[in-house]
Amino acid sequence: MLGVGTQPATPQEAVWTRPTLNFMGVPGLLDMPTAHQMPDADLSLTLGGFQNTRRGTLHFQITPRLSGVFRYVELRDFSVQDPYYDRSFDLRYQLAEEGYYTPAVTVGLQDFGGTGIYSGEYVVATKTFGRLRATGGIGWGRFGSYNGFTNPLGILADGFKTRPEGETGIEQTGRVDTDQWFRGDAAFFGGLQYAVNDRVVLSAEYSSDAYEEEAARMGFEHNAPVNVGLSYRVRDNFDVSAAYLYGSTVAVNLSYTFNPKTPNSYPGGLDRAPRPVAVRAPGSAADLGWTRQADAETILRGDMESFLATDGMTLERFGADARTARVAVRTGTQTYPAQAVGRIARIMTQIMPASVERFEITLVTGTGLPVTTVTVNRSDLEDLEHAPDGAWKSFARARIEDAAATPVAGVVPETAFPKVDWSFGPYLTAAYFDPENPVRLSFGVQLNASYEPLPGLVFEGNLRQQLSENISGLPSSNSTLPHVRTDGALYAEAADLTINTLTATKYFRPGENLFGRISAGYFEPMYGGVSGELLWKPVDSRLGLGLEVNYAQQREYAQGFGFRDYDIVTGHASAYLEGRNDFLYQVDAGRYLAGDWGATFGVDREFDNGISIGAFATFTDVSFDDFGEGSFDKGIRFNIPLSAITGQRSDISVSRTIRPVQRDGGARLEIGSRLYEQVRDYQQPELQGEWGRFWR
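Each chain carries its own residue numbering, running from 1 in the direction its sequence is written. Reporting in this predicted model follows two pLDDT cut-offs: at least 70 for local features of residues, and 80 or more for side-chain atom pairs to be given and counted; totals over whole chains, interfaces and linings ignore these cut-offs and use all residues. To get the side-chain values, all heavy atoms of the structure are used, and hydrogens and water are removed first.

## Observations regarding the confidence of the model for the chain
Argument step 1. Scored by pLDDT, the chain comes out at a mean of 89, with 94% of its residues at no less than 70.
Argument step 2. Across residues 1-12, confidence stays below pLDDT 50; counting only partners more than four residues off in sequence or on other chains, it has 29 contacts. Confidence scores labelled pLDDT are given residue by residue by the predictor and lie between 0 and 100. By definition in these notes, contact holds between two residues if any of their heavy atoms fall within 4.5 Å.

Okay, structure coming up:
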């Protein structure tokens with residue numbers, strides 16, 4: 001392999017636009033990994049199986065070089081608990097990209113935070129020669145279990161020569177055993193792949209995995225270390241693979257790849273065209289006669305309200321004088337605030353008298369918080385509408401300010417308040433990875449309603465009728481902490497017609513760069529109480545700081561109006577940072593529902609279309625032993641707006657948080673009205689990132 005790697009590579013052909021995914025769900029041969037990464041942001045789901053083993057893997061290319069993996073495995077006849085379900089996490093980092101003379105090199109950690117059944121580490125190199133790819137690597141742990149030899153890293157320290165035994169037992173899972181990494185015997189693995197065409201790839205490998213646990217517990221036959229197979233690309237994002245593994249079993253693998261950057265064939269969306277800019281006649285800007293008309297402002301306000309409504313937006317306040325028109329608008333179902341600003345400005349060119357040169361557009365959240373005022377000159381709109389570089393020039397000429405510093409004068413339209421909204425439809429909630437049932441569901445119908453008598457004062461609720469569920473009947477919680485989350489089955493058993501949420505919230509602006517919220521009621525199925533929040537978020541800053549204090553009391557299992565006798569004061573100080581390359585970093589430090597103190601660290605990658613994928617981990621003063629299974633709270637989360645999938649305008653999105661296990665430590669009150677997510681989309685960093693849609 002080293003000799004092959006020293007030869008120059010021929011140009012890579014189109015057949016290698018994306019590597020194949022192996023039976024562990026990562027870029028690889030068949031059971032062994034390779035060094036190439038998936039294209040940036042690719043999200044892949046792999047389902048595969050062979051003798052008594054079923055694997056499901058979610059692989060996300062976090063950055064061009066870093067990828068993360070969550071794997072869920074069903075093993076038959078593995079333990080007294082049959083079937084046995086195993087959860088694990090991987091990380092892969094590409095140390096070097098493939099060059100003309102040099103191979104791609106990747107280091108990987110497999111199952112570094114699970115039960116340890118699949119734990120192993122590897123360094124692998126892959127080189128491309130036209131349609132042929134050659135891979136060679138060295139591994140530890142499972143990757144060093146067949147035909148192994150003394151760890152070459154032992155020359156650095158004797159500790160590398162032996163691999164400590166990991167913690168065992170269900171209560172010990174989830175710990176990160178760094179003292180095992182790259183320790184113990186090592187072994188070589190490698191293989192070849194040949195792309196017959198742009199759809200078919202043939203693979204052969206020498207595996208260094210002895211399948212010791214499966215052989216001892218499940219009767220797995222490891223007759224030979226050689227595996228052979230092929231992969232067929234049915235479509236650009238869908239592959240089917242089959243292989244003959246270890247001289248004893250046939251395996252089948254399906255993989256589907258989705259890239260959040262391009263979730264549909266209509267990246268620009270399917271909105272109807274905006275209204276054109278109405279260009280004024282020369283000299284007309286000096287005509288100020290309209291200001292002497294008694295009902296002029298009423299007529300203009302009515303026209304603005306009507307025009308905005310046809311574009312799915314709501315006029316909340318309006319004012320105008322000879323030179324300036326001011327509007328406050330809720331963007332409604334408009335997916336992109338920058339696009340909404342452009343459409344509002346063009347509507348104003350069609351309605352406002354010719355003397356009005358300055359448009360001040362205040363963006364208001366759906367809960368009535370005025371966030372940002374964008375000021376554009378009418379003459380700039382007339383000059384730049386058809387300019388090739390009109391997008392960036394219009395942004396450079398616009399002024400973006402905090403709405404608290406530029407309050408909107410004028411009149412609230414008579415039809416603006418009160419606002420009443422309601423909907424009725426099905427609901428589906430899910431709990432994942434129970435040892436006896438991987439997916440537990442609750443299904444029913446729900447009625448949602450909201451009432452806003454004044455700007456920023458919102459009464460809203462959610463009434464549910466459960467029709468079917470398989471969540472109840474779980475064993476009683478064995479938690480040594482207060483049962484703040486682990487009694488979920490008791491809530492499901494008692495649920496019939498329930499008050500899911502019922503809250504009153506006041507949103508307000510206490511000062512420039514400050515946002516406030518006070519809420520009271522039933523926040524979620526398990527808790528009600530009182531909550532207050534203050535957010536500092538300058539309009540042009542990527543940093544935000546928040547403080548939240550809650551008094552929470554546990555609700556009765558039937559989720560009516562009653563409460564149980566457990567109550568607590570919780571709260572968190574939060575820091576939010578919008579980093580480069582669409583990453584959002586968040587830290588929340590404070591007191592959790594079980595009375596434990598600690599911090600939650602989260603990182604999310606957010607795409608221009610609103611899709612986000614992230615992960616989090618919470619560490620508190622609860623010991624790993626007291627926490628129980630999982631050792632600490634962690635998980636992955638995602639948000640997918642319906643508009644990103646369909647291309648049609650919508651304010652509906654699907655949000656899910658997936659934890660390997662839900663325990664009582666690190667549990668936080670669920671409040672659906674926190675400020676940061678409401679505010680940030682209307683501020684300069686987000687507006688700047690999507691300003692190319694200003695003219696759409």
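## Brief notes about the nonpolar core
Argument step 1. Put simply, a nonpolar core is a bunch of buried Ala, Val, Leu, Ile, Met, Phe, Trp, Tyr and Cys residues held in one set by side-chain atoms that sit within 4.5 Å of each other. Classification of residues uses two cut-offs on accessible area relative to the type maximum, computed with a 1.4 Å probe and protein chains only: under 20% is buried, over 50% is exposed, and between them is partly exposed. M304, V327, M348, M352 and W691 are the most contacted members of the largest nonpolar core, which totals 50 residues.
Argument step 2. Segments assigned H or I by DSSP are reported as helices when at least four residues long, segments assigned E as strands when at least two residues long, and all are numbered from the N terminus. Every element with two or more residues in this core is listed here: α3 (296-310), β13 (314-320), β14 (324-330), α4 (337-351), β15 (358-364), β16 (370-377), α5 (378-384) and α10 (675-679).
Argument step 3. When residues in this core are grouped by element, the largest group, eight residues, is from α4.
Argument step 4. Dropping the residues within four chain positions of it, W691 is found in contact with A338, V341, V374, A391, S394, F395 and A398.

## A short note on the pairing of strand β9 (residues 200-206)
Working note: regular strand, side chains alternate between the two faces of the sheet.
Argument step 1. Note: strand β8 (residues 186-195) against β9, six bridges, orientation antiparallel. Residue G190 lies in a different strand from β9, and its bridge partner there is Y206.
Argument step 2. Between β8 and the antiparallel strand that follows it, β9, lie four residues.
Argument step 3. A pair of strands is labelled paired if DSSP reports no fewer than 2 bridges between them. Of the pairings in the sheet, the one linking β9 to strand β10 (residues 226-235) comprises seven bridges and is antiparallel in character. Counted as the bridge partner of Y206 is V226 from β10.

## Some thoughts on helix α6 (residues 390-397)
Argument step 1. All buried positions along α6 are accounted for by G390, S394 and F395. End-on view of α6: buried residues confined to an arc of 130°, all on one side of the axis. Residues of α6 that are exposed and point more than 90 degrees away from the buried face comprise W392 and A396.
Argument step 2. Packed against the buried residues of α6 are α5, β17 (399-402) and α11 (684-689). Within this analysis, the arc is defined by the directions that extend from the helix axis to the C-beta atoms.

## What about the sheet that holds β9?
Backbone-to-backbone hydrogen bonds pair the strands of a sheet. The strands run either parallel or antiparallel.
Argument step 1. The strand order β1-β2-β3-β4-β5-β6-β7-β8-β9-β10-β11-β12 describes a closed barrel built from twelve strands, whose pairing is antiparallel. Each neighbouring strand pair of the sheet contributes to a mean axis angle of 20°, computed without reference to strand direction.
Argument step 2. Sheet topology places strand β6 (residues 120-129) next to strand β7 (residues 132-141); ten bridges connect them, and they run antiparallel. Within β7, the position partnered with A125 by the bridge is G136. Note on geometry: axes are C-alpha line fits, over the in-contact stretch for helices, and angles between N-to-C directions span 0 to 180 degrees.

## Digging into the side chain of H59
Argument step 1. By the secondary structure assignment, H59 is in strand β2 (residues 53-61).
Argument step 2. Among the residues examined, H59 registers a relative accessible area of 0% and is labelled buried.
Argument step 3. In this structure the side chain of H59 is engaged in a polar contact, spanning 3.4 Å, whose partner is the side chain of S67.
Argument step 4. Residues in contact with H59, not counting those within four places in the same chain, are G25, V26, P27, M38, D42, L43, S44, S67, G68 and V69. Two N or O atoms count as a polar contact when they lie within 3.5 Å, although within protein this holds only if one can serve as hydrogen donor and the other as acceptor, and sequence-adjacent residues are included solely when both atoms are side-chain atoms.

## As for the environment of T102
Argument step 1. Looking at the element boundaries, T102 is found in the loop between β4 (84-96) and β5 (104-110).
Argument step 2. The partly exposed category is assigned to T102, whose relative accessible area is 43%.
Argument step 3. Sequence separation between T102 and A404 is 302 residues, and the spatial gap between their C-alpha atoms is 57 Å.
Argument step 4. Look past the residues within four positions of T102 in its chain and what remains in contact with it is E97 and K127.

## Points about the sheet that holds β13
Argument step 1. Strand order in the open sheet formed by five strands is β13-β14-β15-β16-β17, and the pairing between neighbours is mixed. With partners counted over all chains shown, the strands left at the sheet margins are β13 and β17, one partner each. In this sheet, adjacent strand axes meet at a mean angle of 20° when their direction is disregarded.
Argument step 2. Summarising the sheet, β13 and β14 pair through six bridges and their orientation is antiparallel. Of the residues in β14, the one forming a bridge with A320 is A325.
Argument step 3. Against the sheet, α3 engages β13 and β14, with an angle of about 150° to β13.

## Observations regarding the pattern of salt bridges
Argument step 1. Salt bridge, as used here, is a side-chain nitrogen of Lys or Arg placed within 4 Å of a carboxyl oxygen of Asp or Glu. Throughout the structure, instances matching the rule amount to 39 salt bridges.
Argument step 2. The partner of E74 in a salt bridge is R76, with the nearest N and O atoms 3.0 Å apart.
Argument step 3. Judged by relative accessible area, E74 falls into the buried class, the value being 17%.
Argument step 4. Here R76 falls in the partly exposed class, since its relative accessible area comes to 38%.
Argument step 5. The partner of E401 in a salt bridge is R399, and the shortest N-O contact between them spans 3.3 Å.
Argument step 6. E401 gets classed as partly exposed once you look at its relative accessible area, which sits at 24%.
Argument step 7. On the accessibility criterion, R399 (36% relative accessible area) is partly exposed.

## A look at unusual backbone geometry
Argument step 1. Positive phi is not limited to glycine here, since A41 has a value of about 80°.
Argument step 2. Within the fold, A41 resides in the loop between α1 (2-5) and β1 (43-50).
Argument step 3. A41 gets classed as buried once you look at its relative accessible area, which sits at 0%.
Argument step 4. Unusually for a residue other than glycine, Q559 sits at a positive phi of about 60°.
Argument step 5. Within the secondary structure layout, Q559 lies in the loop between β24 (543-555) and β25 (563-578).

## Re the packing of α3 against α4
Argument step 1. α4 packs onto α3 with a crossing angle of 140° between their chain directions and a minimal axis gap of 10 Å. It follows that α3 is oblique to α4 by the angle criterion. The element α3 and its partner α4 pack so that their crossing is right-handed. Of the residues in α4, those in contact with L300, D303, M304, F307 and L308 of α3 are I344, I347, M348, Q350 and I351.
Argument step 2. Taken together, the residues that form the contact of α3 with α4 break down as eight nonpolar, one polar and one charged. For classification purposes, angles smaller than 35 degrees are called roughly parallel, those larger than 145 roughly antiparallel, those between 65 and 115 roughly perpendicular, and all remaining angles oblique. By convention the crossing between two helices is left-handed if the near helix lies anticlockwise of the far one by an angle smaller than a right angle, and right-handed if it lies clockwise. The residue classification treats Ala, Val, Leu, Ile, Met, Phe, Trp, Tyr, Cys and Pro as nonpolar and Asp, Glu, Lys and Arg as charged. All others, Gly included, are polar.

## Re α3
Argument step 1. Taking 1.5 Å as the rise per residue, α3 with 15 residues should run 21 Å; its terminal C-alpha atoms sit 22 Å apart, in good agreement.
Argument step 2. Those residues of α3 not exposed but buried are A296, L300, R301, M304 and L308. Relative to the axis of α3, the buried residues are bounded by an arc of 125° and lie together on one face.
Argument step 3. Close packing links the buried residues of α3 with β13, β14 and α4.
Argument step 4. Two residues or fewer past α3, G312 is found with a positive phi of approximately 80°. Expected span of a helix, by definition, is 1.5 Å for each gap between consecutive residues, and there is one gap fewer than residues.

## Some words on a nonpolar patch on the surface
Argument step 1. Judged by side-chain polarity, L45, L47, V226, V228, Y244, V250, V252, L254 and Y256 come together as a nonpolar surface patch covering roughly 780 Å² of accessible area.
Argument step 2. Elements with a contribution of two residues or more to the nonpolar patch: β1, β10 and β12 (249-258).
Argument step 3. Here the nonpolar patch takes four residues from β12, the largest share from any one element.
Argument step 4. Locating V228 in the fold gives a position in strand β10. Each patch is built from residues that are more than 30% exposed by relative accessible area and take part in no salt bridge. Like charges join if they lie within 9 Å; nonpolar side chains (Val, Leu, Ile, Met, Phe, Trp, Tyr) join within 5 Å. Every accessible area reported is derived by Shrake-Rupley at a probe size of 1.4 Å, with residue values counting cover from the shown protein chains alone.

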